[in-house]
Amino acid sequence: MTDTILVINAGSSSIKFYLYDIGTGGDLAARMGGQVEGIGTLRPRLRARDAQGNIMAERDIAPGHAADVPNAQDVVGTWLSGHLNGMPAAVGHRVVHGGPDLDAPVLVDDQTLEQLAALSPLAPLHQPNNLAAIRVIRERRPAIPQVACFDTAFHRSHGPLADRYALPERLYQQGVRRYGFHGLSYEYIAQRLRRALPEIAGGKVVAAHLGNGVSACAMVDGKSVDSTMGFSALEGLPMGTRPGRLDAGIVLWMMQQGMAHDDIAHLLYHDCGLKGLSGLGNDMRELQASDTPGARLALDYFAWRVAEGIAGLGCAMNGMDALVFTAGIGENAPAMRQAIADRLAWLGVRLDNERNARHGPRISADDSQIGVYVVRTNEELVIAQHTLNLVRAR
Ligand code: ADP
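For the structure given in this document, a descriptive report is provided here.

Criteria and cut-off values
Counting restarts for each chain: residues are numbered from 1 in the order of the written sequence. Local features in a predicted model are, by the rule used here, given only for residues with pLDDT of at least 70; side-chain atom pairs are given and counted only at 80 or more, and totals for whole chains, interfaces and linings are based on all residues. Side-chain numbers here rest on the full set of heavy atoms in the structure, without hydrogens or water. Helix and strand definitions here come from DSSP, where helices need a minimum of 4 consecutive H or I residues and strands a minimum of 2 consecutive E residues; each element is numbered from the N-terminal end. Expected span of a helix, by definition, is 1.5 Å for each gap between consecutive residues, and there is one gap fewer than residues. The buried label goes to any residue with under 20% of its type's maximum accessible area, the exposed label to any with over 50%, and the partly exposed label to all in between, with areas taken from a 1.4 Å probe on protein chains only. The pocket and cavity definitions rest on a 1 Å grid over protein atoms only: a 1.4 Å probe that fits but cannot leave marks a cavity, an open set with protein on both sides within 12 Å along at least five of seven lines marks a pocket, and residues lining either have an atom within 4 Å of a point. Grid points are joined across faces, edges and corners, and a volume is the space filled by probe spheres set on the points. Residues are sorted three ways: Asp, Glu, Lys and Arg are charged, Ala, Val, Leu, Ile, Met, Phe, Trp, Tyr, Cys and Pro are nonpolar, and all the rest, Gly among them, are polar. Grouping buried Ala, Val, Leu, Ile, Met, Phe, Trp, Tyr and Cys residues that are joined through side-chain atoms within 4.5 Å yields what is termed a nonpolar core. In what follows, a contact means two residues having at least one pair of non-hydrogen atoms within 4.5 Å. Orientation is described by lines fitted to C-alpha atoms, with helices fitted over the stretch in contact, and by angles between N-to-C directions that extend from 0 to 180 degrees. Under this scheme an angle from 65 to 115 degrees is roughly perpendicular, one under 35 degrees roughly parallel, and one over 145 degrees roughly antiparallel; angles in between are oblique. Left-handed describes a crossing in which the near helix is turned anticlockwise from the far one by less than a right angle; the clockwise case is right-handed. The near set for a molecule or strand comprises every residue that places at least one heavy atom within 4 Å of it. Counted as a polar contact is a pair of N or O atoms within 3.5 Å, where, for protein atoms, one must be capable of donating a hydrogen and the other of accepting one, and residues adjacent in sequence contribute only when both atoms are in side chains. For the accessible areas, the method is Shrake-Rupley and the probe is 1.4 Å, while residue cover comes only from the protein chains on display.

### Remarks on helix H5 (residues 183-196)
Right, so step 1: The end-to-end C-alpha separation of H5 is 20 Å, in line with the 20 Å expected for 14 residues at 1.5 Å each.
Right, so step 2: All of the buried residues in H5 are Gly183, Leu184, Ser185, Tyr186, Tyr188, Ile189, Ala190, Gln191 and Leu193.

What follows is the structure, encoded as structure tokens:
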């Protein structure tokens, strides 16, 4: 066995890759990470940095060499083979959808690939790209074991009620269920709490993943019992470019106005959320630095509806012992954490200014009814761990 695990996160416009060294005790240490971005655009770029942050690659790619995900995966493979002695022991992939049944990562074979491809209608913008990267590696390097890790798997511990919409049974049987996403991030948080904050890990915890994608998860004893995201990654809290909660009547109205399916999908995935409200963009830093009314509106809306979603998850657990902020905004934006906490003051949430400014780990005041924490997420490490465990168990 060689001594590295490669992790791939393939999206429609970028492929992110991370390489981990396997230590003698089975521990994993990040060696490098990078991405091909701008896939399908006129200016795709390759960037990579080592674990200390030193630049290993930063260059344009000829557009024809990164026209789609398979092309871009080849660029990653070629670049990596120039920087690795031998092949990785295995490749772990972030795959958005594991459907109603897959509650753990799987080793990929022809049958699982088919099973996962059949789930593409449930995540048409993500699943095909995730699987395209797996297929390219299977073709080029058939000997390397590959593992699929699902954003939905961590939520398969939901009870039957949490998976429901108030829709007729036949739609549930057809797969219209509340799957939940960001599960790899929540799995990492649950793991991290057990190690670093055991006093809250066994309790009733809401973890709020506030990045470009935004959701929150109710966890009891480290197991997901509910999520603000449901059938697709559109539901729930407002996001960088997605609206979150939305009256289904709005989609009916758009159709009545003659908007085509693809136009509606583009609007909902790319032009709403912070970007749509502010008219400026989806970058939290930019909005916080701006004094336009649009930026203010976006920030106020975000704080209100995120707080509302967090409070709502208390119903899934009949209470809340702790609130954990994570991902780009959750980890780095004290003013937004404060604005969300202000909307939760009625629940007895109080932040400590200094702790919040220092990014925690504990940011709540001593008299807060609910402990509030900041924990850095690491989805890639969870994928690498699962991948190593599965290939070792083989
Ligand atoms: P993704 O979901 O793409 O992984 P991230 O978790 O990286 O996204 O989160 C991206 C978001 O985090 C962006 O809105 C970005 O503006 C925000 N962010 C990152 N750093 C900061 C910071 N220092 N202050 C405020 N917001 C930040």
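Once you've had a look at it, read on.
### Quick look at the layout of surface pockets
Right, so step 1: Of the volumes computed, that of the second largest pocket is approximately 940 Å³.
Right, so step 2: Residue lining of the second largest pocket: 29 residues in total, with Phe231, Ser232, Leu234, Val251 and Leu268 positioned closest to the centre.
Right, so step 3: Taken together, the elements giving at least two residues each to the lining of the second largest pocket come down to helix H7 (248-256) and helix H8 (261-270).
Right, so step 4: Here the lining of the second largest pocket takes 8 residues from H8, the largest share from any one element.
Right, so step 5: Here the residues of the lining of the second largest pocket sort into 19 nonpolar, 6 polar and 4 charged.

### Quick word on the nonpolar core
Right, so step 1: Residues Ile310, Leu323, Met336 and Ile340 are the most contacted members of the largest nonpolar core, which totals 56 residues.
Right, so step 2: In contact with Met336, not counting residues within four places along its chain, are Met284, Gln288, Leu299, Phe302, Ala303 and Ile329.
Right, so step 3: By size, the runner-up hydrophobic cluster in this structure holds 34 residues, among which are Ile5, Ile22, Leu197 and Ala384.

### Description of the packing of helix H1 (residues 69-81) against helix H3 (residues 127-140)
Right, so step 1: For the pair H1 and H3, interaxial distance at closest approach is 9 Å and the crossing angle is 50°. Considering the angle they form, H1 stands oblique to H3. Crossing handedness for the pair H1 and H3: right-handed. Residues Val69, Pro70, Gln73 and Asp74 of H1 form the contact with H3, whose own contacting residues are Asn129, Ala132, Ala133, Val136, Ile137 and Arg140.
Right, so step 2: By residue class, the composition of the contact of H1 with H3 is 6 nonpolar, 2 polar and 2 charged.

### Considering the environment of Gly99
Right, so step 1: Summarising the element assignment, Gly99 is placed in the loop between strand S6 (90-95) and strand S7 (106-107).
Right, so step 2: A relative accessible area of 1% places Gly99 in the buried class.
Right, so step 3: Each C-alpha atom of the pair Gly99 and Ala339 lies 35 Å from the other, and the pair is 240 residues apart in sequence.
Right, so step 4: Leaving out residues up to four positions away in the same chain, Gly99 has contacts with Leu119, Thr152, Arg156 and Tyr179.

### With respect to the site of the ligand
Right, so step 1: The environment of the ligand is formed by 13 residues, the closest being Asn212, Asp283, Met284, Gly328 and Ile329.
Right, so step 2: Between the ligand and the protein, one listed contact pairs an oxygen atom with a side-chain N or O atom of Asp283 at 2.6 Å.
Right, so step 3: Between Gly328 and the ligand, the recorded distance is 2.9 Å, taken from a backbone N or O atom to an oxygen atom.
Right, so step 4: Burial of the ligand by the surrounding chains reaches 70%, relative to a free accessible area of 580 Å².
Right, so step 5: Breaking the shell around the ligand down by element, the ones donating at least two residues are helix H10 (284-289) and helix H12 (327-332).
Right, so step 6: Element by element, the count of residues in the shell around the ligand is highest for H12, at 4 residues.
Right, so step 7: Counted by class, the shell around the ligand contains 4 nonpolar, 7 polar and 2 charged residues.

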